[in-house]
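Coordinate inspection notes
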Amino acid sequence: MNSLYNHALKQTQALQRDLNRFTTGEDTSTGLQGQITAAFGSLDRSIADFEKQARREILTAKRELALSRVQKFRDELQVMRLNFDNTKKEQDQKLNQANRKDLLAGGATPRGISPMEHPYQTPSPMEHAMRERGFAQNTESHLDDFITQAQHVLDNLTDQHGILKQTQRKILDTANTLGLSQNVIRYIERRSAQDKWIFIVGIIFTIGCMWAIVHYFG
């Protein structure tokens, strides 16, 4: 569950940095706006995953702490979305006013619209660099999502292993108390050993997936 929280926190901080660049006017490009919109959706999914895991927490104190963090994430996300929408409306209004002035002044090309000599005009180096940057950031975000999901699976396997060990102890204690036969106890121990091997194989598979994601997509 800690991995989900850290991932959502990292996404929130990155989104806030991009939003600050947009609201201050440092970068108002369409590419950044699309990147922010995609980040909203990604963060929303991460918060939902974190909330599902938080509700499964057995300890009341940990569950309440996690749910309070979920609510904080949702409040921050709502504020950022509202800030983004308001800034976008203000900038659109300013652009429309500037375009009307340009048209009244003599039919100049409206601002925000790049004149092209032909439909296959090569993009400028700056536009090309911005596209590459956006692609790299989106790829990094997807990689983070894959790694977080793998860590989530690994955490679940670890939790299940701990639950199985506790269950084994309780069953053996109960068996000894009730005076069950040694055959039954050996059968329980054999099943526990099988579960342990399943747990080990699951960990190896998960680590292998994480290595493959980093190696081939990193």
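Structure report, in brief. What you see as residue numbers is a count from 1 along each chain, following the sequence as written. For a predicted model such as this one, the threshold for reporting local features is a pLDDT of at least 70, and the threshold for listing and counting side-chain atom pairs is 80 or more; totals across whole chains, interfaces and linings nevertheless cover every residue. Note that the side-chain values use all heavy atoms of the structure and ignore hydrogens as well as water.

Right, let's talk about the overall build of the protein for a bit. Put simply, DSSP marks the helices as runs of H or I at least four residues long and the strands as runs of E at least two long, and each gets a number from the N terminus on. A tally of regular secondary structure across the protein gives five helices and zero strands. Put simply, the protein runs from its N terminus to its C terminus through helices and strands in the order α-α-α-α-α. Each of the 218 residues in the protein was classed as buried or not, and the buried ones make up 25%. Taking all contacts inside the protein whose residues are at least 6 apart in sequence as the whole, residues at least 24 apart take part in 71%. Note on areas: Shrake-Rupley with a 1.4 Å probe; residue coverage comes only from the protein chains shown. Element-wise, carbon and sulfur atoms account for 57% of the exposed surface of the protein, whose accessible area totals about 15,400 Å². Relative accessibility thresholds used throughout: buried, under 20% of the residue-type maximum; exposed, over 50%; partly exposed, between the two (1.4 Å probe, protein chains only). For this analysis, residues touch if any pair of their heavy atoms sits within 4.5 Å.

It is worth spelling out the pattern of salt bridges at this point. Here the idea is simple: oppositely charged side chains can pair when their charged atoms come close. Only one rule defines a salt bridge in this text: a Lys or Arg side-chain nitrogen within 4 Å of an Asp or Glu carboxyl oxygen. Taken as a whole and assessed by the stated rule, the structure comprises five salt bridges. Ionic pairing is found between D27 and R21, a salt bridge with its closest N-O pair at 2.9 Å. Between R74 and D44 there is a salt bridge, and its shortest N-O distance comes to 3.7 Å. Highlighted residues: R74 in helix α3 (residues 60-106) and D44 in helix α2 (residues 30-55), separated in sequence by 30 residues. Using a relative accessible area of 28% as the deciding quantity, one classes R74 as partly exposed. Judged by relative accessible area, D44 falls into the partly exposed class, the value being 28%. One salt-bridge network, in which partners are shared between bridges, spans D44, E51, R55 and R74.

This brings us to helix α1 (residues 2-23). An expected span of 1.5 Å times one less than the residue number is assigned to each helix. Its 22 residues place the ends of α1 31 Å apart at the C-alpha level, agreeing with the 32 Å of an ideal helix rising 1.5 Å per residue. Buried within α1 we find S3, L4, Y5, H7, A8, Q11, T12, L15, D18, L19, R21 and F22. Downstream of α1 by one or two residues, G25 has phi in the positive range, about 85°.

Before going further, it helps to examine a nonpolar patch on the surface. Residues W197, I200 and I204 make up a contiguous nonpolar surface patch of roughly 340 Å² in combined accessible area. For W197, a relative accessible area of 58% puts it in the exposed group. Exposure above 30% relative accessible area and no salt bridge define the residues that can form patches, which grow by joining like charges within 9 Å and nonpolar side chains of Val, Leu, Ile, Met, Phe, Trp and Tyr within 5 Å.

Let us now look at the nonpolar core. By size, the foremost hydrophobic cluster in this structure holds 19 residues, and its most contacted members are I36, F40, L43 and F50. Every element with two or more residues in this core is listed here: α1, α2 and α3. Broken down by element, the residue count for this core peaks at seven residues, all from α2. What is meant by a nonpolar core is a set of buried Ala, Val, Leu, Ile, Met, Phe, Trp, Tyr and Cys residues, joined one to another through side-chain atoms within 4.5 Å.

Inspection of the secondary structure assignment puts Q78 in helix α3. In this structure Q78 comes out as exposed when scored by relative accessible area, which is 56%. Along the sequence, Q78 and F40 sit 38 residues apart, while their C-alpha atoms lie 9.6 Å from each other.

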